[in-house]
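So you can see what is in the structure, the chains are spelled out below.
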Amino acid sequence: MATTYFTEDHEWISVENGVATIGITDYAQEQLGDIVFVELPEKGRKVSKGEAAVVVESVKAASDVYAPVDGEITDVNDKLSSEPALVNSASSGDGWLWKMKLSDQGQLSGLMDEAAYKKLIG
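Everything quoted here is computed from the prediction, not taken from an experiment.

Draft legend 1. Seen up close, the pattern of salt bridges. Tallying each qualifying case throughout the model produces 4 salt bridges. Here Glu 51 ties to Arg 45 by a salt bridge, and the two come within 3.0 Å at their closest N and O atoms. For Arg 45, a relative accessible area of 26% gives the class partly exposed. Between Lys 46 and Glu 72 there is a salt bridge, with the nearest N and O atoms lying 3.0 Å from each other. Of this pair, Lys 46 sits in strand S5 (residues 46-47) while Glu 72 sits in strand S8 (residues 71-76), and the two are 26 residues apart along the sequence. Residue classification places Lys 46 among the exposed positions, given a relative accessible area of 61%.

Structure (structure tokens):
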């Protein structure tokens, strides 16, 4: 079963068997407005915690999406190239951004659970 964590930058990370799926939270996509373009990372790219991995452009602004932990990108959501609005309609489902293999599973302990995240966005 997958365990989901959240960051203060409004990313979610769902981890199952050492593989993490990352996206932006519902709150984040609501703040951004209509997503018109998603710049996805390259497969095989190594990212460090806090490093910008994806750029999401909305009608309001362009925003970086940061890697919540260290790892190597193993997959990207190619559907978003032709359907960026999936991030709006299904931010925690079909609108995921990338998958990665974790370098240090211990970093997950520094992230929030859903209750703590809900308290953050109040």
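So that's the structure; there's more coming.
Draft legend 2. Molecular detail of the side chain of Ser 58. Checked against the element boundaries, Ser 58 lands in strand S6 (residues 52-58). Residue classification places Ser 58 among the buried positions, given a relative accessible area of 9%. Here Leu 32 takes part through its backbone oxygen, which lies 2.8 Å from a polar atom of the side chain of Ser 58. Within the structure, the side chain of Ser 58 is placed 3.1 Å from the backbone nitrogen of Lys 60, a separation counted as a polar contact. Sequence-distant contacts of Ser 58, defined by excluding residues within four places in its chain, comprise Leu 32, Gly 33, Asp 34, Ile 35 and Val 36.

Calculation criteria
Residues numbered from 1 in each chain as written. Predicted model: local features only at pLDDT ≥ 70, side-chain atom pairs only at ≥ 80, totals over all residues. Heavy atoms only, no water. Salt bridge = Lys/Arg side-chain N within 4 Å of Asp/Glu carboxyl O. Buried < 20%, exposed > 50% of the residue type's maximum accessible area, 1.4 Å probe, protein only. Helix = DSSP H or I, 4+ residues; strand = E, 2+ residues; numbered from the N terminus. Polar contact = N/O pair within 3.5 Å; in protein donor to acceptor, adjacent residues only side chain to side chain. Contact = heavy atoms within 4.5 Å.

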